[in-house]
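Tertiary structure, described
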Amino acid sequence: MSTELTHTTGQTTGQIADQTTGAPLKPRVWALGAAALLALGACMEAAMPEPADGQALFVEYCAACHGNSAKGDGPLAADLGVVPADLTLIAAHRGGSFPRAEVLSKIDGYTSADLEGPGMPEFGELLKGDELPLDTGDGVLTPTPRKMVALLEYLESIQVAE
C-alpha cells in the first residue's frame, strides 16, 4: 500500500492509495483495516512478567525490611519490633506448595487490614497499571496488576526447601 497517490502530473494528493490500482482507499476500508489490527492486538496474549521484573520491584519495595536475600534481614528489620518473614521459605512452610492467592493478599494488604500494631505496609503502587489474567491456583483467570504478578513470579522463583 502506498502512502500517497501521484497523478501523471507528478503532484501528490496526500491520500493513501492501493499499490496495484493507484485508486485512493476509501476511509471506511482504511478504518476497517485499523480496527482489525486493533482487534488482533487485543486477542494476543500479554507477555507475563519474568522473575527478574519482580526482583527489581522487590529491591524497591521489600528489601529494606526483608533484605536483598529475602530472608528477613533487611537494614530496617532490627528497628521493626517484629522480625520480617523469610520469604524464601513460604512454600516450605506450606508443604512445598506456593500459595499464590495468599501471597497476593498479603502484598496488597487485604489479609492484614484487621491486624493491630505494626505490620507489613500495603503497597498501593503495586496495584496501579495494566492488568494480566492470572491463575492463582483455582483455575480461574483473575485480572491482576502486572507489578503484583511480577513480584509474585519473583517470590515463587526464590523458594527453597527447608
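Remember, predicted model here, so these are calculated numbers, not experimental data.

A separate point is the side chain of Arg100. Its place among the elements puts Arg100 in helix 4 (residues 100-108). Once you skip the residues sitting within four places of it in the chain, Arg100 turns out to touch Leu134, Asp135, Thr136, Leu152, Glu153 and Glu156.

Quick look at the pairing of strand 1 (residues 131-135) now. Here strand 1 shows a buried face lined by Leu132 and Leu134 and an unburied face lined by Glu131, Pro133 and Asp135. Relative to strand 2 (residues 141-145), strand 1 runs antiparallel, the two sharing five bridges. Counterpart to Leu134 in the pairing with strand 2 is Thr142.

The next subject is the nonpolar core. By size, the foremost hydrophobic cluster in this structure holds 24 residues, and its most contacted members are Phe58, Phe98, Val103, Ile107, Leu126, Leu151 and Leu155. Elements supplying a minimum of two residues to this core: helix 2 (51-61), helix 4, strand 1 and helix 5 (146-157).

This part covers the layout of surface pockets. In this model, the largest pocket occupies a volume close to 710 Å³. Forming the boundary of the largest pocket are 29 residues, of which His66, Ala85, Leu87, Lys106 and Met120 lie nearest the centre. For the lining of the largest pocket, the secondary structure elements donating two or more residues are helix 3 (63-66), helix 4 and helix 5. When residues of the lining of the largest pocket are assigned to their parent elements, the largest contribution, four residues, is made by helix 4. Broken down by class, the residue content of the lining of the largest pocket amounts to 21 nonpolar, four polar and four charged.

Reading the values: rules and limits
Residues numbered from 1 in each chain as written. Predicted model: local features only at pLDDT ≥ 70, side-chain atom pairs only at ≥ 80, totals over all residues. Heavy atoms only, no water. Helix = DSSP H or I, 4+ residues; strand = E, 2+ residues; numbered from the N terminus. Contact = heavy atoms within 4.5 Å. Buried < 20%, exposed > 50% of the residue type's maximum accessible area, 1.4 Å probe, protein only. Pairing = 2+ DSSP bridges. Core = buried A, V, L, I, M, F, W, Y, C linked by side-chain atoms within 4.5 Å. 1 Å grid on protein atoms, 1.4 Å probe; cavity = no way out; pocket = protein on both sides within 12 Å on 5 of 7 lines; lining within 4 Å. Points joined across faces, edges and corners; volume = space filled by probe spheres on them. Nonpolar A, V, L, I, M, F, W, Y, C, P; charged D, E, K, R; others polar.

Purely geometric stuff here, so don't read any function into it on its own.
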